[in-house]
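Descriptive analysis of the structure
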Amino acid sequence: MFQTRRFLTDHFGNPPGLLSFLGAYQAPAPKLAAADKWFQRASVPSEWLPVVLSYLEIDNGAPISLIPYLGGDNA
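Predicted, not measured: the structure shown is a model, and the values here were computed from it.

Another aspect to go through is the nonpolar core. Ranked by size, the top nonpolar core spans 18 residues in total, and within it Phe7, Leu8, Phe12, Leu18, Trp38, Val52 and Leu56 carry the most contacts. For this core, the elements supplying multiple residues, two or more each, are helix H1 (4-12), helix H2 (15-24), helix H3 (32-41) and helix H4 (49-60). Not counting chain neighbours up to four residues away, the residues in contact with Phe12 comprise Gly17, Leu18, Phe21, Phe39, Val52 and Leu56.

With that settled, the discussion passes to the environment of Ala29. Secondary-structure assignment places Ala29 in the loop between H2 and H3. Since its relative accessible area comes to 38%, Ala29 is described here as partly exposed. Distance in space between the C-alpha atoms of Ala29 and Val52 is 9.0 Å, their sequence separation being 23 residues. Discounting residues that sit within four places of it in the chain, Ala29 has contacts with Leu19, Leu22 and Trp48.

For Gln26, which is not a glycine, the phi torsion comes out positive at approximately 55°. Residue placement: Gln26 occurs in the loop between H2 and H3. For Gln26, a relative accessible area of 76% gives the class exposed. Of note in the backbone geometry, Ala42 takes a positive phi value of approximately 55° without being a glycine.

Calculation notes
Residues numbered from 1 in each chain as written. Predicted model: local features only at pLDDT ≥ 70, side-chain atom pairs only at ≥ 80, totals over all residues. Heavy atoms only, no water. Core = buried A, V, L, I, M, F, W, Y, C linked by side-chain atoms within 4.5 Å. Buried < 20%, exposed > 50% of the residue type's maximum accessible area, 1.4 Å probe, protein only. Helix = DSSP H or I, 4+ residues; strand = E, 2+ residues; numbered from the N terminus. Contact = heavy atoms within 4.5 Å.

Structure, rendered in structure tokens:
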């Protein structure tokens with residue numbers, strides 16, 4: 001399984017951190033309540049994951065490796 005919560009926490013810390021990150025790029029962003037649910041449920045909707053990954057790639061200047069988040073549980 002993909003460790004979604006760990007991915008979100010490693011890259012954004014918390015829901016306001018995610019919104020702040022996306023806001024810095026004037027990128028589309030979910031409502032705070034929706035971002036809270038992403039962290040709570042350890043699940044990012046499929047239409048949002050490419051957006052998040054794309055802006056992380058822009059921010060880092062290189063693709064983001066998802067390998068560290070494969071395996072284990074979804075926590």
